[in-house]
Amino acid sequence: MEHSVREEGGALVACFSGEVDLEHSPTARQVLLDCVDRSSKVLVDLSGVEYIDSSGVASLVEAFQKAKKSGVEFALVSLNDSARRVLELARLDKVFTIYDTLADGL
Amino acid sequence: MGEPLLELRFPARAAELKPARHAVKEVLLASGCADAVARDIVLALDEACQNVIRYAYGPGREGDISLTIERKGDELVFVLTDWAPRIDPSKVRPRDLNDVRPGGLGTFLIQEMMDDVEFVDPPPGCGNVLRMVKRIG
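It should be emphasised that the depicted structure is a prediction, and the values quoted were computed from it without experimental measurement. (Residues numbered from 1 in each chain as written. Chains lettered and ligands numbered in written order. Predicted model: local features only at pLDDT ≥ 70, side-chain atom pairs only at ≥ 80, totals over all residues.)

A.B. asks: Which residues make up the overall build of chain A, and what values go with them?
C.D. replies: From N to C terminus, chain A includes four helices and five strands. Ordered by position in the sequence, the α and β elements of chain A form the string β-β-α-β-α-β-α-β-α. Scaling as 2.2 N^0.38, a compact globule of 106 residues should have a C-alpha radius of gyration of about 13 Å, and chain A matches this with 12 Å. Referenced to the eigenvectors of the C-alpha coordinate spread, the extents of chain A come out at roughly 30 × 25 × 25 Å. When burial is assessed residue by residue, chain A has 49% of its 106 residues classed as buried. Counting contacts in chain A only where the partners sit at least 6 residues apart, residues at least 24 apart contribute 73% of the total. (Helix = DSSP H or I, 4+ residues; strand = E, 2+ residues; numbered from the N terminus. Rg over C-alpha atoms; globule rule 2.2 N^0.38 Å. Buried ≥ 20, exposed ≤ 12 C-beta atoms within 10 Å, placed from the backbone. Contact = placed C-beta atoms within 7 Å.)

A.B. asks: Before we move on, could you go through the sheet that holds strand β3 (residues 75-82) of chain B and cite the residues and values that matter?
C.D. replies: Residue and element names in this part refer to chain B. An order of β1-β2-β3-β5-β4 is seen for the five strands of this open sheet, with the pairing classed as antiparallel. Edge positions in the sheet fall to β1 (3-11) and β4 (116-120), since each has one partner strand and no second. When the angles between neighbouring strand axes are averaged without regard to direction, this sheet yields 15 degrees. In this structure, strand β2 (residues 64-72) lies alongside β3, joined through eight bridges in antiparallel fashion. Counterpart to L67 in the pairing with β3 is L80. Set on the sheet, helix α2 (residues 35-57) makes contact with β2, β3 and β5 (128-135); between it and β3 the angle comes to about 15 degrees. (Pairing = 2+ DSSP bridges. Axes fitted to C-alpha atoms, helices over the stretch in contact; angles between N-to-C directions.)

A.B. asks: How would you summarise unusual backbone geometry if you had to cite specific residues and measurements?
C.D. replies: Residue and element names in this part refer to chain A. Even without being a glycine, S78 presents a positive backbone phi close to 55 degrees. Among the structural elements, S78 can be located in the loop between β4 (73-77) and α3 (81-89). Even without glycine at this site, R91 takes up a positive phi of about 60 degrees. Tracing the sequence through the fold places R91 in the loop between α3 and β5 (97-99).

A.B. asks: Can you explain the nonpolar core? Please cite residues and give values.
C.D. replies: Membership of the largest hydrophobic core comes to 67 residues, with the highest contact counts inside it found for A14(A), V42(A), A44(B) and V52(B). For this core, the element with the most residues is α2(B), which contributes 12 residues. Apart from the residues lying within four places of it in its own chain, the contact partners of A14(A) are H3(A), V5(A), V31(A), L32(A), C35(A), V42(A), V44(A) and D45(A). (Core = buried A, V, L, I, M, F, W, Y, C linked by C-beta atoms within 7 Å.)

A.B. asks: Let's hear about the confidence of the model for chain B: which residues, and what values?
C.D. replies: A residue-level look at chain B finds 100% of positions with pLDDT of 70 or above and a mean pLDDT of 93. Prediction confidence for the complex, expressed as pTM and ipTM, is 0.94 and 0.92 respectively. (pLDDT = per-residue confidence, 0-100.)

A.B. asks: Which residues make up the interface of chain A and chain B, and what values do they have?
C.D. replies: Between chain A and chain B, the contact holds 17 residues from the first and 19 residues from the second. Here the residues of the side of chain A that touches chain B are counted per class, giving eight nonpolar, three polar and six charged. (Nonpolar A, V, L, I, M, F, W, Y, C, P; charged D, E, K, R; others polar.)

As structure tokens, this is what we get:
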């Protein structure tokens, strides 16, 4: 898994690519929680994520819940088939704010 | 008697899951599985392996996972074996999806992706054996 965080349009954009699995989800979790601490708006770009499992989803959920408690805007952008499938199965596609593109979220 | 497609044995560690997933996906696609079906199966097997690592072995305990895949007609049969302490299958339950919280999705995803899922009696010397079936006909 690769990740990067940048500021854009008043938001922190956290980009992940590769496989967000049991090995790498602890890193994803820490990156996301750190973003929520640092900004009032966090966009999570998952366009490069080839695979995400329940541990990766748990990282997203934990960051989302922290953001909600803190009044931080938190959204997912650019889901590909893999991420969308897992989120739909877990019925989390109705819980998260999801934008088709980063531009939509900014 | 089924047609054996894959036999893997690897240490129950998070870093071992990616190569296992890729080996499984390759075999599934070669056996004629559609991409979306293969993706679902890989996810279910990965979740099952995660459960073995996190809960059957648990922190600080090491051991192996064995995964076999067999084709029997229009069914793919997956058998996951570990050498961890026996778990109580009645305690393995999917959580309520309305309870939005991190974690607890693995068992739900396995049951959602596979047509049959059951713990079977392990052979002597083994810990737990999970048998899963996916109909692809």
